[in-house]
Amino acid sequence: LSTTLTASVDPLDPADASCIAGGLCYFIETTVTDISSCSKYVEARVEWQVDRYPKSATKLFTYLTNSPEVIARGGDCVLSEPEGDWTDDPDDVGSLSFSPAGKQFTGTDLLHGKIYATTQTNPGFIIYNSPTAVGQNPVQLGSTNVVIDGQTYTLNDLDVEDDLSTGRTYAFVAVASSTQLAVLDVTDWNNPQVVTTKTLSGVIPVPAGSFPQGWRVFVYASRLYITTRETQGPEFHIFDISTPTIPTEIGSGFELNRTVNNMVVRDQKIGSTLRRLVFLASDSDLKEFGVLDVTGDTVTELSSGTVNLPGVQDGLSLDIVGRQLYFGRASTASDSELYVFDVTDPSTGVTILGQGEVGADVSNIEVISKYAYIGTSRSSEEFQVWNSDYSTWGGLNVGRFSDYNFSHLAPLGFDVDKNWVDMVSNWSTSDELEVIYAN
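Think of each chain on its own: its residues are numbered from 1, step by step along the sequence as written. Only residues with pLDDT of at least 70 are given local features in this predicted model, and only at 80 or more are side-chain atom pairs given and counted; all residues enter the totals for whole chains, interfaces and linings. Just so you know, side-chain values use all the structure's heavy atoms and leave hydrogens and water out.

## Details of the pairing of strand 26 (residues 338-342)
- Partly exposed residues are those whose accessible area sits between 20% and 50% of the maximum for their type, while under 20% is buried and over 50% is exposed, using a 1.4 Å probe and protein chains only. Starting at the N terminus, helices and strands are each numbered in turn, a helix being any DSSP run of H or I of at least four residues and a strand any DSSP run of E of at least two. Of all five residues that make up strand 26, four are buried, and the element is covered over most of its length.
- Here, strands pair whenever DSSP counts at least two bridges between them. When strand 25 (residues 324-329) meets strand 26, the two strands line up antiparallel, connected through five bridges. Directly across from Gln-324, in strand 26, lies its bridge partner Asp-342.

## Observations concerning the packing of aromatic side chains
- Aromatic rings from Phe, Tyr and Trp, taking only the six-membered ring of Trp, are treated as a pair when their centres fall within 6.5 Å; an angle between ring planes under 30 degrees marks them as stacked, one over 60 as edge-to-face, and anything in between as tilted. A full pass over the atoms with the stated rule returns 18 aromatic pairs.
- Relative to Tyr-128, the ring of Phe-105 lies with its centre 6.4 Å away and its plane at 65°, an arrangement referred to as edge-to-face. In this pair, Phe-105 is assigned in strand 6 (residues 105-111) and Tyr-128 in strand 8 (residues 125-129), connecting sequence segments 23 residues apart. In this structure, Phe-105 and Tyr-128 share a single accessibility class: buried.
- Judged by centre distance (6.4 Å) and plane angle (10°), the rings of Phe-279 and Phe-289 are stacked. Residue Phe-279 is found in strand 21 (residues 273-282), and its partner Phe-289 is found in strand 22 (residues 289-293); the two are separated by 10 residues along the sequence. For the pair Phe-279 and Phe-289, one class covers both residues: buried.
- Through a chain of ring-to-ring contacts, the aromatic side chains of Trp-86, Tyr-371, Tyr-373, Phe-383 and Phe-401 assemble into a single cluster.
- Here, a charge over a ring means that NZ of Lys or CZ of Arg falls within 6 Å of the ring centre while also lying within 35 degrees of the ring normal. In this structure, Lys-114 is placed above the aromatic ring of Trp-189, and the distance from its NZ or CZ to the ring centre is 3.9 Å.

## Comments concerning the pairing of strand 28 (residues 362-368)
- Of all the seven residues making up strand 28, six are buried; the element is thus mostly covered by neighbouring parts of the structure.
- For strand 28 and strand 29 (residues 371-376), the ladder comprises six bridges, and the chain directions are antiparallel. Within strand 29, the residue paired with Val-367 across the bridge is Ala-372.

## Points about the nonpolar core
- In this description, a nonpolar core means a group of buried Ala, Val, Leu, Ile, Met, Phe, Trp, Tyr and Cys residues linked to one another through side-chain atoms lying within 4.5 Å. Phe-236, Phe-279, Phe-289, Leu-325, Phe-327 and Phe-341 are the most contacted members of the largest nonpolar core, which has 33 residues in total.
- Of all elements in the fold, only strand 16 (214-220), strand 18 (236-240), strand 20 (260-270), strand 21, strand 22, strand 24 (315-321), strand 25 and strand 26 reach the threshold of two or more residues within this core.

## Considerations on the sheet that holds strand 19 (residues 248-254)
- Taken in spatial order, the four strands line up as 16-17-18-19 in an open sheet, and their pairing is antiparallel. If you trace the sheet from one side to the other, it starts and ends with strand 16 and strand 19, each paired once. Averaged over all adjacent pairs, the angle separating strand axes in this sheet is 20°, with direction ignored.
- Bridge count for strand 17 (residues 223-228) against strand 18 is five bridges, and the pairing is antiparallel. Residue pairing in the sheet places Arg-223 in a bridge with Asp-240 of strand 18. Think of each axis as a best-fit line through the C-alpha atoms, taken over the contacting stretch in the case of a helix, with angles from 0 to 180 degrees between the N-to-C directions.

## Section: the environment of Ile-250
- Inspection of the secondary structure assignment puts Ile-250 in strand 19.
- Residue classification places Ile-250 among the partly exposed positions, given a relative accessible area of 25%.
- The spatial distance from the C-alpha of Ile-250 to the C-alpha of Thr-298 is 9.1 Å, given a sequence separation of 48 residues.

## Some words on the sheet that holds strand 31 (residues 400-404)
- One open sheet holds the four strands; their spatial order is 28-29-30-31, and the pairing between them is antiparallel. The open sheet has two edge strands with one neighbour each: strand 28 and strand 31. Pairs of neighbouring strands in the sheet enclose a mean axial angle of 20°, with direction left out of account.

None of this, on its own, says anything about what the molecule does.
Listed below in structure tokens is the structure:
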């Protein structure tokens, strides 16, 4: 969303006496637009008029980069506005289908033009070269399995980051095993290597009804945050990955008593204090949205940051830009699935700024500038692009710019980089991996 800043000096209104007497009348407007968590677009516009002459105007603009945030996110952050027009329905660039069984993907991450994907099948981890022109299909570069004690495991999630201190690239993977974390060196795209695996502290793997497997993972500023599904033992864990090949768990985990379906971590100034916050979309009827304060690696759940939305639908997805957090949940017949929260200070409360009706599960969200990209379970409209300005939202699909027929169930994952979106699904017939773009 854009915000207009007060002029540095008071502008003169054309009705001002000095203007009428032949003085210089001018108007100054500065607009700041959030692009992503790492960048903003700033435009300063000056309009002036001299008595008996037409109006004149000029503007200056620039992008501001939050360098510490770029470093904290390992370079995995959009820095400029999309160049294409996502208000029109996007076009297919290329796709991959697999025969006979399909890959049954579980997640994806896009970094530096490479698509990293996890799957339920063999191989469990694959790297593709993303298309650069219409008509090209993704090309597989390298792959590997995560093998623990001789057994190959399904992979549930991943986060790929550059280690700026060494120039190497690592994939941190949630493993469907009682050894829940794997680290892969993916610097050589053609030959990814598993460098270590780790077991989460205090998670009990044996009893019936326990779900000890690694589930969701997020890397931020030399820390790795990983969860299990709701299980016996703590679901939320923090690792020090200052040396990525030697991850070390900090503490013994934190009990959430729910399954986290998506999370985002960032440093945020509250008042004069910089805090590190983890925003959660979960399956709890009472805590679909929640916030953890993990400043100093000490975990505290902010009760005032909890939101209980109408109904019993699970929280599924979220993304945060500026002080607005975009939140998606499972389909509900009587209430909205898409929300925006004001998270300026979760320690004192979270308020709803806007809400939209999608009519389906909102399984994924990524917000860049004026666009909110969402994955849904709505047939023939599985990928949608909405106006990120929540003031335009209303009834069913009011605020939506465009959509794309992914021909499957809701995409299990997608990632956006300027004009390109790569999507994966666990469909087992065709086009499990698809890349689309905006003209």
